[in-house]
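# Structure at a glance
The lines below spell out each chain.
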Amino acid sequence: MNAWLLGSGGWVPTVTRETTCVLIRDGEHALILDAGTGLQHAAAHLDGVTRIDLALTHFHLDHVFGLSYLPSLPVVPQIWAPGAWLYDRPSEELLGPFSPFVGTVGELRPHQRIGGFDLSARAQPLHWHPTAGLRVGDRLALITDTAYDPGSAPFARGVDHLLHEAWSLDGDPSPAEAARVARDAHARRLTLVHLHPHADEAALLAAAPGATLGRDGAEL
Ligand SMILES: [Zn+2]
């Protein structure tokens with residue numbers, strides 16, 4: 001299994017950071033987490049893939065705008081989104097503006113087996129709108145668009161690699177809070193993601209010793 005961070009930024013893309021997108025590949029099957037603008041770089045890793053699934057944490061633009069790039073992929077992905085679960089509305093309806101590019105839309109639930117991927121999701125209520133933390137087996141967890149949440153560490157417990165938002169030094173969440181989640185979860189590695197367009201990178205790293213700063217294109 002290989003994984004790449006295709007978008008390490010939050011809110012808006014910059015010249016160095018696309019918005020949130022993580023690609024995981026296991027043989028001919030790929031699972032994409034979030035469809036930020038980083039999704040435009042996914043095709044480079046998808047030669048020979050016969051199935052693609054794509055799970056969304058929520059519906060804010062920095063996590064769905066990349067759906068516009070779906071026609072560049074070799075296979076039309078099956079989408080999994082938390083509309084019915086967290087918004088009481090069908091995900092297909094919430095993704096309406098992207099309907100020209102989107103194939104089948106399924107409803108994300110707390111647990112699903114997607115081919116060889118074991119995908120878990122946790123409701124995160126501390127953002128403007130509800131979001132879902134995502135976990136792929138024991139390999140990787142993506143926790144973004146949430147303030148510090150004491151439920152995050154139990155959700156990510158024992159995961160190899162935690163990708164956690166570190167929005168600002170002041171919080172919501174801070175890099176120190178991301179490090180706290182990683183420590184409490186006993187995650188082996190922490191990468192800071194969903195970074196502010198004007199993030200002070202040195203200060204972020206100083207506040208989260210041992211963490212890696214997310215970089216677009218990095219193999220995880
Ligand atoms: Zn976001």
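Residues numbered from 1 in each chain as written. Predicted model: local features only at pLDDT ≥ 70, side-chain atom pairs only at ≥ 80, totals over all residues. Heavy atoms only, no water.

Further remarks concern the pairing of strand 1 (residues 2-7). Burial of strand 1 is extensive: five of the six residues sit out of reach of the surface. Here five bridges tie strand 1 to strand 2 (residues 21-26), and the two strands are oriented antiparallel to one another. Across the sheet, residue Leu5 finds its bridge partner in strand 2, namely Val22. (Buried < 20%, exposed > 50% of the residue type's maximum accessible area, 1.4 Å probe, protein only. Helix = DSSP H or I, 4+ residues; strand = E, 2+ residues; numbered from the N terminus. Pairing = 2+ DSSP bridges.)

Here we come to the sheet that holds strand 4 (residues 51-55). Read across the sheet, six strands follow the order 1-2-3-4-5-6 without closing on themselves; strand pairing throughout is mixed. The open sheet is flanked by strand 1 and strand 6 (105-107), the only strands paired with a single partner. With direction set aside, neighbouring strand axes in the sheet form an average angle of 20°. Relative to strand 3 (residues 29-33), strand 2 runs antiparallel, the two sharing five bridges. Note on strand 3: the bridge partner recorded for Leu23 is Ile32. (Axes fitted to C-alpha atoms, helices over the stretch in contact; angles between N-to-C directions.)

What follows is about helix 5 (residues 175-185). Of the residues making up helix 5, those classed as buried are Pro175, Ala178, Ala179, Val181, Ala182 and Ala185. Axial view of helix 5: buried residues confined to an arc of 155°, hence all on one face. Elements that come into contact with the buried residues of helix 5 comprise helix 4 (152-156), strand 11 (161-165), strand 12 (189-193) and helix 6 (201-207). Phi turns positive, to about 55°, at His186, one or two residues after helix 5. (Arc of directions from axis to C-beta. Contact = heavy atoms within 4.5 Å.)

Turning our attention to the coordination of the zinc ion. The protein atoms that coordinate the zinc ion are Asp62 (OD), His63 (NE2), Asp145 (OD) and His194 (NE2), at distances spanning 2.1 to 2.3 Å. Each of the four donor atoms bound to the zinc ion contributes to angles spanning 91 to 165°, and the resulting shape is irregular. Donor residues for the zinc ion sit on one chain with the sequence pattern D-H-x81-D-x48-H. With a gap of 83 residues between them, Asp62 in helix 1 (residues 61-64) and Asp145 in the loop between strand 10 (140-143) and helix 4 connect regions that are remote in the sequence. Like Asp62, the residue Asp145 is buried in the burial classification. (Donors = N, O, S within 2.8 Å, 3.2 Å for Na, K, Ca; no water. Tetrahedral: all angles 85-135°; square planar, octahedral: opposite > 155°, others 65-115°.)

The subject of this paragraph is the UniProt feature "domain: Metallo-beta-lactamase" (unreviewed entry) in the chain. Following the UniProt record, the feature "domain: Metallo-beta-lactamase" (unreviewed entry) maps to residues 18-196 here. Annotated as 16% helix and 31% strand, the span residues 18-196 places its first and last C-alpha atoms 11 Å apart. (UniProt positions renumbered as here; feature names shortened; annotations may be inferred.)

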